[in-house]
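# A closer look at the structure
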Amino acid sequence: MHIPNYAYAMIRSALPAVPTSRQVGALDCCLCDKPFEDRPPVPLGPTPESGLFGCHPCLTRLVARARRARDAALTQDAERARTESAAWLPVREQHLARLDSARQAAEAVARLARDGDIEPLQVAWLLVSLESAYAWVPEAPVPPTSAEREDSELRDEAFRLDLAMITAREAVAERLAYHLINEAQPEEPEMCEELECPEGCLGRHDSSHIDCGPDAVFEDLAKHGITVEQPEPEPLSPRLAALLGRTEAEEKHSLFPGIEEQAPVVLAHFGIDADDTDALVSAAAVGLVADAWREGPLEVIHAADDGPSDGEIFAQSIDLYRRARAALVAAREDGPEMLLAFVAVASDVDLPWAGGSRFALRTLSASVAEFVQHVDDRVWFTAEVMREQGWHAGLLHRATSAAFKVPTHFGMPGWPGAVASAMDRLVVLDRSGAPEALTDLAAVEAALIEAPDRLGAEALDWISRQALLH
């Protein structure tokens, strides 16, 4: 006879405290104390041959009673869980709403503090009222026993609120610090003409950013009797040492003398008008990707067993071209430092690549430090050309590189011709095993012209294997 697990407790409670010799000898049932006679005894342990024994009717009755008790308990548990859930959900939602409202308020205070449209005193009161609202946010409610003890959404929302509060405090502190500094500044009316101040200026000119260097804080604290041990000065990087070690004559020497006269002639040979800013920026973006990202250490990464495929590299190069182009455009107004936005993405080891690829540099078994340094060095060189010879010279330098190395790459004048040739060959190819993205040839041609990475890394892989664009 099979006895379910939930019935053992019920059976144990019905066993006699002191069994008789006949019960132990398997002659009488230990539950009803009647002889087994022609009824087969059911062993109850501790072993099949020794211990106590029960009859089928008694055990069947006890199992049925245990089942009814179990079902009743389950029903009660389910009802209790429903009741607790009905009471818990509004409490939980109300707490989430409190966290969300306080977070939105903190973000708004940070935004107002940075914008500078309201007076510093109002900013200070905003922070005080925000801190009060934050202090009044109650502790997270404790979920009932029937609910999950670890509520990730409550934890995450509380964490987001804490981050928003940190951001708001930093923004207000910076605003008020500069307000005090600017209020203490002496009037300098002689500077108004140089700064082209509007009429009515009192001669007090505000500062919005002050860089005191890495060591000033230790000296300032020492004036107040607080001594903090300073770290040993770090050795200069080779790049900075080279810059500081230049002689005045070297500083005045251009990196590419004559580039403004010579480069336009070369570019014209490849169909690029150096006076056409849009075309020049596109070619320079192609050159920046080719020089800083595509060549050098990436070849080693490509050849590795866990390296990216041709299609993944192709798709990522298209995405980086757009980023390089945006960074070069921004550098015209805001300076070469805007190129760092391109560096941040091009050398990001955690970022999944474009075209639906799952590849990221972090997945490589080999170190990618050399690759990251290569990207940084090449972009830094372009920034140096811009600083010394101007934004236009920096574009000419990278555009000329692109014209020689990749004249038919996406973004270059030769790209439409390369696509047309590829489509002529693609029409006659057997595409039975090609990815689905290559089914509609009109859509394929449009994607290649406008945004090749839209086809996906798998389709670009297939195109690369057929050497259609080479």
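Residues numbered from 1 in each chain as written. Predicted model: local features only at pLDDT ≥ 70, side-chain atom pairs only at ≥ 80, totals over all residues. Heavy atoms only, no water.

## Details of the pattern of salt bridges
Heads up, the rule is: Salt bridges, as used here, are contacts in which a Lys or Arg side-chain nitrogen is within 4 Å of a carboxyl oxygen on Asp or Glu. Strands are runs of DSSP state E lasting at least two residues, helices are runs of H or I lasting at least four, and both sets are numbered from the N terminus onward. For each residue, the accessible area found with a 1.4 Å probe, counting protein chains only, is set against the maximum for its type, and the residue is called buried under 20%, exposed over 50%, and partly exposed in between.
If you walk through the whole model with that rule in mind, you get 24 salt bridges. Ionic pairing is found between E84 and R80, a salt bridge with its closest N-O pair at 3.9 Å. Here R80 and E84 lie together in helix α3 (residues 56-115), a separation of four residues that amounts to about one turn. R80 gets classed as partly exposed once you look at its relative accessible area, which sits at 41%. The residue R160 makes a salt bridge to E157 at a minimum N-O spacing of 3.1 Å. With R160 and E157 both in helix α5 (residues 152-183) and three residues apart, the pair spans about one turn of that helix. Of the residues examined, R160 reaches a relative accessible area of 39% and is grouped as partly exposed. Sharing partners across several salt bridges, the network here consists of D291, E295, R378, R398 and K405.

## Regarding a nonpolar patch on the surface
Stated formally: A residue counts toward a patch only above 30% relative accessible area and without a salt bridge, and it is joined to like-charged neighbours within 9 Å or, for Val, Leu, Ile, Met, Phe, Trp and Tyr, to nonpolar neighbours within 5 Å. Here the open area of atoms and residues is found with the Shrake-Rupley method and a 1.4 Å probe, where only the protein chains shown may cover a residue.
There is a patch of nonpolar side chains on the surface, built from L121, W125 and V128 and spanning about 360 Å² of accessible area. Mapped onto the elements, L121 comes out in helix α4 (residues 120-135). Here L121 falls in the exposed class, since its relative accessible area comes to 59%.

## Focus: the nonpolar core
Using the following cut-off: Side-chain atoms within 4.5 Å are what join buried Ala, Val, Leu, Ile, Met, Phe, Trp, Tyr and Cys residues into a set we call a nonpolar core. What makes two residues a contact is simply this: any of their non-hydrogen atoms within 4.5 Å.
Within the largest apolar cluster, 72 residues are counted, with the highest numbers of intra-cluster contacts made by W293, F342, L361 and I463. Here I463 is in contact with L438, L448, L455, L468 and L469, once residues within four sequence places are set aside. In terms of nonpolar packing, the next biggest core, distinct from the first, is built from 16 residues, L99, A102, V109 and L127 among them.

## Remarks on the packing of aromatic side chains
Put simply, the test is: The rule is short: rings of Phe, Tyr and Trp, with Trp giving its six-membered ring, pair when the centres are within 6.5 Å, and they are stacked under 30 degrees, edge-to-face over 60, tilted in between.
Counting across every chain of the model gives seven aromatic pairs. Ring centres of Y321 and F410 lie 5.5 Å apart, and the angle between their planes is 85°; on these two criteria the pair is classed as edge-to-face. Residue Y321 is found in helix α13 (residues 310-334), and its partner F410 is found in the loop between α16 (391-405) and α17 (415-428); the two are separated by 89 residues along the sequence. When its relative accessible area of 8% is taken as the criterion, Y321 is described as buried. When the centroid spacing of 4.7 Å and the interplanar angle of 75° are considered together, the rings of W353 and F359 count as edge-to-face.

## Considering a positive patch on the surface
Counted only if it meets this: We treat Lys and Arg as the positive residues and Asp and Glu as the negative residues; His and chain ends play no part in the count. The location of each charge is read from NZ of Lys, CZ of Arg, CG of Asp or CD of Glu.
Together, R61, R65, R67 and R68 give the surface a local cluster of positive charge. With respect to the helices and strands, the residue R65 is situated in helix α3. Given the relative accessible area of 39%, R65 is considered partly exposed.

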